[in-house]
Amino acid sequence: MSPEPLGILAGGGHVPLQVARTARAAGRPVHVVALEGWADQEWDGFPVLHERAGAAGRILGHLRAQGVRQLVLTGRAQRPSFLSLRPDATGARLLARIGRAFFAGDDGLLRAVARVLEDEGFEILPAQAVLRDILPAAGLLTRTAPDASACADIARGIAVVRALGAVDVGQGAVIQQGLVLGVEAIEGTDALLARCAGLKREGPAGRRDGVLVKLVKPGQDRRLDLPTVGPETIRGAAAAGLAGIAIEAGGTILVDRAGTLAAAEAAGLFVIAIDPERFTTTERTP
């Protein structure tokens, strides 16, 4: 029996390509839909349809023609405006079924999109179903560890990011000396870090100060849009003068684990995977 083909609706970044390569290595045929304006990978060797997100008729028809039943929705994407979608007839029909969720937070919208795709006969798989080791377990991931000040900022960040997530706004915040320098909204993590670089308070002489905290939203559908950290996040955190990054264990995608952690070590940053339910300011390596 031939392996079941896998479809990938690809936004930007490294994760869609990682999913495609891993699935192909496991013997699965892979069919990629690279969403125009978001997907930025080189897809050499993979069958790929480049299409705008509003062309739902062409996208779904293409996937069905390839025998695709299982879909992974992954990669960086910014929410489009309603007008920019320019939906085809199928897209307009699906948007009508999404309804008011189009104007909800990201998790609400993605849940609605997944529900509609399931109604169309597709099974939505999380990226981690293919990339089994992409969600780190709890623990300190670098040799560099957070000090007491950083642990206090992590605890503060947990409270802030949970409050953001409860209203489906964002997944991250930058905290320094207990102060909220910035929270993640539609701009994404890289822009958040760039903005916070100019907001840093004076810290201890010669030492990095402040943390980025990234968590899953309360009740989030973990098949979709998990927080993601990669080499670009490390570069942004280092440029902002932060001491390190805290991510939710089992809930944050670590892109290019070896490269990301090597970049953190080289920059003198810590990366720690935490259980936000159990983290305390005295527990540095949960």
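Calculation rules
What you see as residue numbers is a count from 1 along each chain, following the sequence as written. Where local features are concerned, this predicted model is filtered to residues with pLDDT of at least 70; where side-chain atom pairs are given and counted, the filter is 80 or more; whole-chain, interface and lining totals use all residues. Think of the side-chain values as coming from all heavy atoms in the structure, minus any hydrogens and water. Inter-axis angles, ranging from 0 to 180 degrees, are taken between N-to-C directions of lines fitted to C-alpha atoms, where helices are fitted over the stretch in contact. Put simply, DSSP marks the helices as runs of H or I at least four residues long and the strands as runs of E at least two long, and each gets a number from the N terminus on. Angles below 35 degrees are treated as roughly parallel, those above 145 as roughly antiparallel, those between 65 and 115 as roughly perpendicular, and all remaining angles as oblique. Note on contacts: a residue pair is in contact if any heavy atoms of the two residues lie within 4.5 Å. In this classification, Asp, Glu, Lys and Arg are treated as charged, Ala, Val, Leu, Ile, Met, Phe, Trp, Tyr, Cys and Pro as nonpolar, and every other residue, Gly included, as polar. In these notes, a set of buried Ala, Val, Leu, Ile, Met, Phe, Trp, Tyr and Cys residues joined through side-chain atoms within 4.5 Å is what counts as a nonpolar core. For the exposure calls, accessible area comes from a 1.4 Å probe over protein chains only, and a residue counts as buried if that area is under 20% of its type's maximum, exposed if over 50%, partly exposed in between. An arc is given here, and it is the one of the directions from the helix axis to the C-beta atoms. Any N or O atom pair separated by 3.5 Å or less is treated as a polar contact, with the protein-specific requirement of one donor-capable and one acceptor-capable atom, and with residues adjacent in sequence counted only for side-chain atom pairs.

Here we look at the packing of helix α2 (residues 56-65) against helix α4 (residues 89-98)
Thinking step 1. Contact geometry of α2 with α4 gives a least axis separation of 6 Å together with a crossing angle of 100°. Compared by their axis directions, α2 and α4 come out roughly perpendicular. Seen from α2, the contacting residues are A56, G57 and L60; seen from α4, they are T90, G91 and L94.
Thinking step 2. The residue makeup of the contact of α2 with α4, split by class, is three nonpolar, three polar and no charged.

Quick word on the nonpolar core
Thinking step 1. L6, V19 and W43 are the most contacted members of the largest nonpolar core, which has 23 residues in total.
Thinking step 2. Listing elements by their share of this core, those giving two or more residues are β1 (6-10), α1 (15-25) and β2 (30-35).
Thinking step 3. By residue number, the principal contributor to this core is α1, which donates five residues.
Thinking step 4. With near-sequence residues (within four places) excluded, L6 lies in contact with V19, A23, R28, P29, V30, H31, V68, Q70, V72, L125 and V130.
Thinking step 5. Residues I59, V68, I98 and I124 belong to the second largest nonpolar core, which totals 22 residues.

Thoughts on α4
Thinking step 1. By the burial criterion, the buried members of α4 are G91, L94, L95 and I98. Within α4, the buried residues cover an arc of 105° as seen down the axis, which keeps them to one side. Residues of α4 that are exposed and angled more than 90 degrees away from the buried face: A89 and A96.
Thinking step 2. Capping the start of α4, D88 holds a side-chain oxygen 3.2 Å from the backbone nitrogen of T90, two or three residues further along.
Thinking step 3. Positive backbone phi, approximately 60°, marks G99, located one or two places after α4.

Regarding the environment of V113
Thinking step 1. Assignment of secondary structure puts V113 in helix α5 (residues 106-119).
Thinking step 2. Relative accessible area serves as the criterion here: at 24%, V113 is assigned to the partly exposed category.
Thinking step 3. As for V113 and P16, which are separated by 97 residues in sequence, their C-alpha atoms are 18 Å apart.
Thinking step 4. The contacts of V113, once residues within four sequence positions are left out, are L73 and I98.

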